Structures are given as structure tokens and as C-alpha cells.
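# Breakdown of the fold
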Amino acid sequence: MRIDASKVDRIVDAYGCHRDSLISILQDVQAECSYLPEDALKRVAKRLKLPLIQVYGVATFFKAFSLQPRGEHMVRVCLGTACHVRGAPAVLDEVRRQLDVEPGETTEDSRFTLETVNCLGACALGPLVVVDSEYQGQITPGKVKRVLKQYMNDGRGK
Amino acid sequence: MQKLRSIAELERLRSRILRRRNGTKKYVSVCGGTGCHAYKCQDVASALEGEIRRQDMGSRVELKVTGCHGFCERGPLVVIYPEETFYQRVSPADAVEIVSRTVGKGEVIERLLYVDPQKNRVARSEAEVPFYRKQQRIVFGKNGLIDPTNIEDYIAMGGYTALPKALFEMDPEGIIEEIKESGLRGRGGAGFPTYQKWQTCRSAPSRDGVRYVICNADEGDPGAYMDRSLLEGNPHAILEGMIIGARAIDAHDGYVYVRMEYPLAVKNLGVALDQARQYGLLGQNILGSGFDFDIKISRGGGAFICGESTALMASLEGHIGEPRQKHIHTALKGLYGRPTNLNNVETWANVPVIISRGAKWYSKIGTEGSKGTKIFSLVGKVHNTGLVEVPMGITLREMVYDIGGGMRNGKKLKAIQTGGPSGGCIPESLIDLPVDFDELTKAGSMMGSGGMIVMDEGTCMVDMARYFTKFLTEESCGKCVPCREGLDRMLDMLTDITEGRGSEGDLDLLEELGGVIKEASLCGLGGTAPNPLLSTIRYFRDEYEAHVVHKHCPAGVCKALITYSVDEAKCTGCRVCARECPEGAISGEKKKLHVIDPAKCIKCGLCRDLCKFDAILVSWERWEYD
Ligand SMILES: Cc1cc2nc3c(=O)[nH]c(=O)nc-3n(C[C@H](O)[C@H](O)[C@H](O)COP(=O)(O)O)c2cc1C
Ligand code: FES
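Everything numeric here is computed off the predicted structure, so don't read it as measured data.

### What to know about the nonpolar core
When a protein is soluble and globular, its nonpolar side chains tend to lie buried together. Residue and element names in this part refer to chain B. One finds Tyr160 and Phe293 to be the most contacted residues of the largest nonpolar core, which totals 116 residues. The biggest single contributor to this core is helix α11 (residues 235-249), with 9 residues. Ignoring sequence-local partners within four residues, the contact set of Phe293 consists of Val213, Met242, Ile243, Ala246, Ala251, His252, Asp253, Gly254, Leu282, Gly283 and Ile286.

### Topic: the sheet that holds strand β8 (residues 253-259) of chain B
Residues and elements named next belong to chain B. Taken together, 4 strands build an open sheet; the order of strands is β9-β8-β7-β10 and the sheet is parallel. Only two strands of the sheet have a single partner each, and these edge strands are β9 (294-300) and β10 (340-344). Ignoring strand direction, the axes of neighbouring strands in this sheet form an average angle of 20°. Strand direction decides the pairing type here: strand β7 (residues 212-217) and β10, joined by 5 bridges, are parallel. Note that in β10 the partner of Cys215 across the bridge is Asn343.

### Let's talk about the environment of Asp147(B)
All names here are of chain B. With respect to the element layout, Asp147 can be found in the loop between α5 (130-133) and α6 (151-156). Separated by 279 residues in sequence, Asp147 and Ile426 place their C-alpha atoms 38 Å apart. Beyond its immediate chain neighbours, meaning those up to four positions away, Asp147 contacts Lys64, Val65 and Asp153.

### Regarding the side chain of Ser315(B)
Tracing the backbone through its elements, the reader meets Ser315(B) in helix α13 (residues 309-316). You can call Ser315(B) buried: its relative accessible area is 3%. When residues no more than four places from it in sequence are discounted, the contact partners of Ser315(B) are Ile23(A), Phe62(A), Tyr257(B), Cys306(B), Ile320(B) and Gly321(B).

### Quick look at the interface of chain B and chain A
Taken together, the contact pairs 58 residues of chain B with 44 residues of chain A. In total, about 4,000 Å² of surface goes out of reach between chain B and chain A, with carbon and sulfur atoms giving 55% of it. A per-residue breakdown of the area chain B buries against chain A is headed by Met260(B), Arg299(B) and Tyr467(B), which together make up 16% of the total. A salt bridge links Arg299(B) to Asp28(A), with the shortest nitrogen-to-oxygen separation between them at 3.0 Å. The interface formed by chain B and chain A holds 20 residue pairs in polar contact (both at pLDDT 80 or more) in total. In terms of residues, the side of chain B that touches chain A owes the most to one element, helix α18 (residues 461-475) of chain B, which gives 7 residues. For the side of chain B that touches chain A, the class distribution of residues is 29 nonpolar, 14 polar and 15 charged.

Calculation rules
- Residues numbered from 1 in each chain as written.
- Chains lettered and ligands numbered in written order.
- Predicted model: local features only at pLDDT ≥ 70, side-chain atom pairs only at ≥ 80, totals over all residues.
- Heavy atoms only, no water.
- Core = buried A, V, L, I, M, F, W, Y, C linked by side-chain atoms within 4.5 Å.
- Buried < 20%, exposed > 50% of the residue type's maximum accessible area, 1.4 Å probe, protein only.
- Helix = DSSP H or I, 4+ residues; strand = E, 2+ residues; numbered from the N terminus.
- Contact = heavy atoms within 4.5 Å.
- Pairing = 2+ DSSP bridges.
- Axes fitted to C-alpha atoms, helices over the stretch in contact; angles between N-to-C directions.
- Buried area = accessible area lost by both parts, 1.4 Å probe.
- Salt bridge = Lys/Arg side-chain N within 4 Å of Asp/Glu carboxyl O.
- Polar contact = N/O pair within 3.5 Å; in protein donor to acceptor, adjacent residues only side chain to side chain.
- Nonpolar A, V, L, I, M, F, W, Y, C, P; charged D, E, K, R; others polar.

If you want it as C-alpha cells, here you go:
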């Protein structure tokens, strides 16, 4: 993916071109492109006058950043403590089986990316699976197929 | 809005707001916290809004979407003021009646009330719900009353009364003295006395006079979400605390470091900052006092280690979030090498309460060594889950049985986990332990940021230790060897034990390894990482031994040590499990007993989950105990 340098510039400028906003800048770039393309990282480094290695270091340090393009739908399985004690590992196993990918990977047809997260702040509803921004509470392995099905045959996006 | 230039202008504004609101107008508050969002509270809010319009009630009632009310278990929550009528599990279809009957005629809709399952008593208002009764919500209570995106709500509730006091009536030393007397200790984990940090930072030399204050909203504990709820629901309380702290320390620049997984918190905080600036409560010459202070939001990448003070500051400067050694504290040399004071979200939110109500009042709450209240996320296997604010010193028993409403599904309480990945598991036998900083530490756990996860007999303690160790292995930044390599080995050994490959001597070795990691690690992550392991070995050694010696998981959790089978008495031969089994491990004809082939079974639990007749049994190989 080629990213428009002016788009990156706009984001960088919105934060006053200051390095204390590096993470926020990368996050906005990711929101724009759904991942962090190499060109964008180079542009950010240049604008902030930071070595590329530092920008790359930060981009790979945090799990929430992805240097790879992601699927149409994000499936996030909460593995926080509250969800864990209520059976999240079995839910994750079932999601893995259904999508046939490991956490961090995208399905071959680019429809789904699977991620695990630690606590989504809705522990009372655990185990929790979030597809895009829809929260699915009190999920059990048996419910996984039905939840994912909604997104499997839906043409494009929502 | 014109900037406020003096206390008098602020007070005039406050009385104007109050006069304007002091009609007979009711208001309907819909909880907009993350939990209720997941229950689709926004649909409830828009249904109510539509009904208010349709029934032409706009002049009599106001709708407010507020921050988290705490009782997430029962969402979506709706409260009607001034009667405080408390409705739970509200759906959009209830909106017609809520507006016509409760708002219009003052009637109560019985079916939406909360019924206490233990006593079978109906509660009409929040105060009558047992979940709220033992709470003391001095910090968190305003959440349900204010629209976080409207500064006037906060002002109407008595917000920004501490700030003028701190600016005009007290000098910096006086503020620090007041915080000292209140006994406030940091809510971010270690419980360090807040005044002491402020004092050190204030008197630390700075080459150009620059000092920073930072709010730690990284909230890394997976299972705690109180900081998020405060930021989302009552951001001005945190800002007010920070401005007061900055004045005491003589800092003019502040940051809030908030994890990027909290988009609503970032948004509401941003709105609050803009409004505070507009009103002259932030920026140059605050309220005409001559004091300048402003705050920037910095989004963190959501790494656990970035909650640690030095890692957080490295990350803020645009570096990788790795900690450094703390021979020199950040209060002396922190962000950009300047004296920096870092406090947790909840700590900051306590500051205005202390300044406006006084240290004397505040220090009456709590225990000898731990003053005030603490917000916990009470979750896991209890009936009532959610966020609760309780006075320090409350017992675990009160937390689990009175507030939590007891255990789910008639199961037995086994342990309570506090302190997140840095904390430990407290066994049921210590149920009368008062919850405060020192008692929890003595019990081998810690207060941490306030996660409280209740576990029953179906939770395996070895699996829990493995869970936290795995989390910490992934979150370890890898800078120092004891933490990076030590945790890796610890995880390997725990995995072996849960998979039936444990051998005698493992436990002693694990304890020794834990001791070394604690001693030798660079920062607090490694320094506390062995706690989940050590505390579970301390209290649940039997369970470890069952895994190691008898290859048996008493809780029925560790996959390698259990087998699935079909209960002959209950199986109806409905074929559901056989159809759904991903491995084709279940066979049997319709209406005949099914069998599971243990060679094919991967123990995914799908059959057990799908069986309507509870006919799938989990058991372990019975070993001959000699
Ligand atoms: C690994 C690690 C993670 C931490 N995570 C957090 C956190 O998420 N939030 C927080 O407020 N403090 C966290 N802390 C504690 C901070 O280092 C610091 O002590 C605290 O923010 C100080 O604020 P307080 O004095 O108000 O508690 C963490 C500490 C360590 C060692
Ligand atoms: S542990 Fe899953 S939402 Fe908190």
C-alpha cells in the first residue's frame, strides 16, 4: 500500500510535530491505513527528526501496532483475568479452529484478523469476544460459530 | 464562554447553573460505561430520547448519558432523579413506559426493579440495592450523576471548589501538609505516601525550573478497569486533582498517559481539557491567580510495563517503553531529566475530595495505615460483578458475600486474587482479612490497582499461576536477564506441571527461582512477577502436588490431566455433540448412548457446552494414592 505523504503530514502536524506524541501519531496512521506501512514509518521518522530505528522500535514494541495489513473484520478475544477464570481459553481455541488462524494472523481470504487482548473493561460480561466494535458477552465455545457466522456471509463490512 | 478570572466569577457561574437547574425538572440517567455499552445502552438512550420527544416531555425531563454506575452485571442501568428510582436490565422497549409512567406520573415499574435474590426483597433506589449498601462512593459516586462531556454538570455537583481553595487560601506547603495529614497513599500499586513524592519533587533541583506532573492511566492489570471508568465518567475530578498537585509542586506542564485501548476515555478527557481551558480553569493565569498549568494527553500503546514509572516516561519521550534502574527516583530526575511527579488516576481523583472536605474528615475513613476508600473491580465467580468503592479495612467476606452477593451456581469459594499480575491468591481460610495495603502484603498479595477476582472450586490454582506467568513473560520488556530468562523458565516448568510432566523437586526449584527473580530484576515487573506463583504454592501446595505426583487436576481444568466421557444415565442420544465435535470423536446412533473416543478427543469442551442434558462428564485418571 502506498500512503499519501500529505496524509501522514497532516496527522503529524495535528500533534504539533512533537516526539512526545509518537505513539498517538502512529495510532492515527494505523487508524487511517488499518496498519503501519513502511513508507508511513519513514515519513513519521523524517518529520519528527527521529532515527527510523526508534520509530520502528516503538512500532514493534506494542502489540497493538501491526506492520502487516489486516483483515476486514477484527476478532478480539479477551484473555484478561476475569475472562480467563470464566473459560476464555476454551473460547479462544474454538475461534482459532473456526477461523483456522493463530492469534495475530489474518485468514487467507483477508476477511478476519484474530487478536487476543487483556481486559476490555467489561469484565462483568466475560468471557468476551469483540468483533469490530460489537461486544459479545458471556460467550461459550458453543456460541462462537453462530457469532462468527454473522460476519462470514455479509458481503462487505457491516 | 468567557474565561473565569476570579473565585467570585466561578461562584457566580455556579449559582447561575444551579438556579437554572433548580426547577422541578427530573432527569433520567442512562449508564454509558463500557459494560453497559456492551449491553447496547446507546439503543436504550436513543429510545428514551425519542419517547421524551414523542410524548412532549422535553420541558419536564432531561436525559443524561453518564459514566459507569458500577453495577455492570445488571446493565443497561437507568436511574430516574430526584426519586433515584433504579432500573436494571432495561431494554429499548421499556422506554415508552419509563417516560409515560415513571417520569410522567411518578409510578414505579415493578418488573425493572432489582430483586435481591438472597432475601427476595425488591429495591426501589440505588441505596436499597445490597450491592451499593456497603459502599462509600466518595470518588466514584459522582459518575452516575454527571454527563462527563459537560463541565457545568461537574461544577453543579460542587466540582472545582477545591481548586480555588488550593490557589487562594493555601500555599504549596499547606497543600502538601493537608495531603500528608489525610494519609493518602498511591492507588497505582505500591501505596507510596503521596505527600512524600510531592515534597521530594517540589524541593528537587531543576536546571531550568521545569517540573512535570503525570497521571498514570496505563491501567495494565488485566481484570481491572476503575481508572478507565473514572476517566470516562468524571474526567474533571482528575484534572482538578492534577492542577492542585501541580500548584503544590510548582509544575506548569502535565501529561495524562492513557492506553490507546481506551478510546472513550481519550475522547472524554480531550473534551474536558478543552472545556477547562475555555473556562479559564486550565492554561495561563488560572482563575486570575497568576498560576499557569496545562495538560497534554499522551496515548500509550497498552503495554503492561509502560505503567512502570521510568518505562512510562521513556515511552512519553518517544522511546521504547523500557524501564531504567531507579538509583535516582523520577521525582528527582524523570521526564526529560526533570523532577517529575507521577500519580495514578484514582490518586489524583482523591485530591480534590481531600482539599475540599479536609484531611481530618478524610482520615477518619479507613484503617490506621490505609486511609480513605479504594475502588475495586469485583469480578469472577460472584453474583454481583462490577466496580465498587469501599472504605479501606472492609473484609474480604463483606466484599464477596454482602456486596458480591455470594458465589454463582452454588459453588464454593476457593480463593480471591488481588493485585493483578503482581499480586497473589488469598485462600478462603483468610476470608476475614481486612482489605488494606499492609494486610494484603502480609498475606503475600498486594493491593495493586484494585482488581479483585473471585474464584471457585472450578478454578485451578496451578493454571492461574501459569496464566499470570505467561502474561508477564509476554509483557516483560526483555531488558534484564533475571526477568526475561527466569520467567521463561518458570513458564516452562509450570506448563510441564499442568501437562503432566512435572517431577518431584519442581516446587522447590520454582520457589528458589521465584526468589532469584524477585531479588535480581531491574524493575517492579520482575520484582513482583513471582508473586502469583509463590502465593499459590504457599496456600495451595496440595494442588500442585496433585499435579506433580498424581498427575491429576482437582479442579478439572488442565486439559492433559482430564478426560471427557458421557454420562450413561443422562445421555438421550440427541446427536448434537456428535454432529458438532470438531474431531469427530463422538459416535453413537440416534436415541442411543454416545461414546467419546479418548484417542481423538482434544478436550475442547464444545460437547459439554452444547449438551442440554448435562451428560458430558469431566474426570481425571484416578491414580492409586498410596
Ligand atoms: C510493571 C508495573 C506496572 C505498573 N502499572 C501501573 C498502572 O497500570 N497504573 C498505575 O497507576 N501504576 C502502575 N504501576 C505503578 C507505577 O510505577 C507507580 O508506582 C504509580 O503510578 C505511582 O502512582 P501512585 O503513587 O499514585 O500509586 C506499575 C508498576 C509496575 C512495576
Ligand atoms: S477480563 Fe475480559 S473484559 Fe476484563
